[in-house]
Amino acid sequence: MVRVDIYSNADEVELRINGRSLGEKVVDDELKVSFDVNYTPGLIEAINYRNGMKAETDLIETCGEPYQIHLEVETENWGSANTEELKYINCSIVDHNGLLVPYAEHVINVEVSGTGELAGIGTGDPISEESYMELFRKAYNGKLLIVVRGKGEGETIVSARADGIGENFIELKMNGLKKSFEVIQE
């Protein structure tokens, strides 16, 4: 048996696993509902109800084995006119279906070329003693954050590699007229 804890500010929560309802429970004073279930891979849905009406649904899906690296630019940050500001790229280890693999701890090697330079790599791991200034970092909960500093107008290529999984890269172009970055290829 596995306990599924759901934190919610709703009145009641219904738990569904792979489409099958396991019932509804009233949310306690600590804003929590617990269900004891047999582990089954697939899709877990927590459906929140307020005043008897369906309000929100949260989903968690079982991931597969680590397959490749996924890079995603925080686009609102890349629109800055200041080329020397720090830019952020989320790096995740995903399975064959693109789902985050939260237990993946691969060492990811990062390379930045062109008009950008690596400013650091962060993970959010509160006990890591790895330097954020190195060109590699161990993923924490399947993720890390690549921080790039623009050095001027032109193209920047950010690539990420790890043993045993597919690599990825993003090519960014600094537009001299608009002074904004855009993702060209992923």
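This is a predicted model, so every value here is computed, not measured.

A short note on unusual backbone geometry
Here's step 1: Phi at Leu31 is positive, roughly 60°, even though this residue is not glycine.
Here's step 2: The backbone of Asn141 shows a phi angle near 55°, a positive value even though the residue is not glycine.
Here's step 3: Its location among the elements puts Asn141 in the loop between β11 (136–138) and β12 (143–150).

Overview of the sheet that holds strand β10 (residues 116–122)
Here's step 1: Read from one edge to the other, the open sheet built from 4 strands follows the order β7-β8-β12-β10, with strand pairing classed as antiparallel. Edge positions in the open sheet fall to β7 (68–73) and β10, since each of these has one partner strand only. Averaged over all adjacent pairs, the angle separating strand axes in this sheet is 30°, with direction ignored.
Here's step 2: Bridge count for β10 against β12 is 6 bridges, and the pairing is antiparallel. Bridge assignment links Glu117 to a residue of β12, and that residue is Arg149.

Focus: the side chain of Ser159
Here's step 1: Its place among the elements puts Ser159 in strand β13 (residues 155–161).
Here's step 2: For Ser159, the side chain forms a polar contact with the side chain of Arg161, separated by 3.1 Å.
Here's step 3: If near-sequence neighbours (up to four positions away) are discounted, Ser159 is found in contact with Asn109, Val110, Glu111, Asn168 and Phe169.

Things to note about the environment of Arg50
Here's step 1: Checked against the element boundaries, Arg50 lands in strand β5 (residues 43–50).
Here's step 2: Note on Arg50: relative accessible area 26%, which makes it partly exposed.
Here's step 3: C-alpha of Arg50 to C-alpha of Ala10: the two residues are 40 residues apart in sequence and 5.4 Å apart in space.
Here's step 4: Those residues in contact with Arg50 that sit more than four places away from it in its chain are Asn9, Ala10, Asp11, Ala55 and Glu56.
Here's step 5: A polar atom in the side chain of Arg50 sits 2.7 Å from the side chain of Glu56.

Quick word on the nonpolar core
Here's step 1: With 24 residues, the main nonpolar core has Ile108 and Ile146 as its most contacted residues.
Here's step 2: Within the residue set of this core, elements represented by two or more residues are β7, β8 (86–94), β9 (107–114), β10, β12, β13 and β14 (168–174).
Here's step 3: Excluding residues that lie within four positions of it along the chain, Ile146 makes contacts with Leu71, Lys87, Tyr88, Ile89, Cys91, Val110, Leu118, Gly120 and Val158.
Here's step 4: One finds Leu15, Val33, Phe35 and Ala46 within the second-largest nonpolar core, a separate group that totals 10 residues.

Thoughts on the sheet that holds β5
In any sheet, the strands associate via hydrogen bonds between backbone groups, in a parallel or an antiparallel arrangement.
Here's step 1: As summarised here, the arrangement of the 4 strands in space is β3-β2-β5-β6, forming an open sheet in which the pairing is antiparallel. Two strands close off the open sheet at either side, each with one partner strand: β3 (20–26) and β6 (53–61). Averaged over all neighbouring strand pairs, the angle between strand axes comes to 20°, with direction disregarded.
Here's step 2: Across 5 bridges, the pairing between strand β2 (residues 12–17) and β3 is antiparallel. When the sheet's bridge partners are listed, Arg16 is paired in β3 with Ser21.

Looking at the pattern of salt bridges
Here's step 1: Using the criterion set out here, one finds 8 salt bridges in the structure.
Here's step 2: Glu14 is paired through a salt bridge with Arg16; the nearest N and O atoms lie 3.0 Å apart.
Here's step 3: Glu14 sits in the buried class, given a relative accessible area of 5%.
Here's step 4: Between Arg50 and Glu56 there is a salt bridge whose closest N-O contact spans 2.7 Å.
Here's step 5: You can call Glu56 partly exposed: its relative accessible area is 35%.
Here's step 6: Through salt bridges with shared partners, a single ionic network connects Glu111, Arg161 and Glu167.

Calculation criteria
- Residues numbered from 1 in each chain as written.
- Predicted model: local features only at pLDDT ≥ 70, side-chain atom pairs only at ≥ 80, totals over all residues.
- Heavy atoms only, no water.
- Helix = DSSP H or I, 4+ residues; strand = E, 2+ residues; numbered from the N terminus.
- Pairing = 2+ DSSP bridges.
- Axes fitted to C-alpha atoms, helices over the stretch in contact; angles between N-to-C directions.
- Polar contact = N/O pair within 3.5 Å; in protein donor to acceptor, adjacent residues only side chain to side chain.
- Contact = heavy atoms within 4.5 Å.
- Buried < 20%, exposed > 50% of the residue type's maximum accessible area, 1.4 Å probe, protein only.
- Core = buried A, V, L, I, M, F, W, Y, C linked by side-chain atoms within 4.5 Å.
- Salt bridge = Lys/Arg side-chain N within 4 Å of Asp/Glu carboxyl O.

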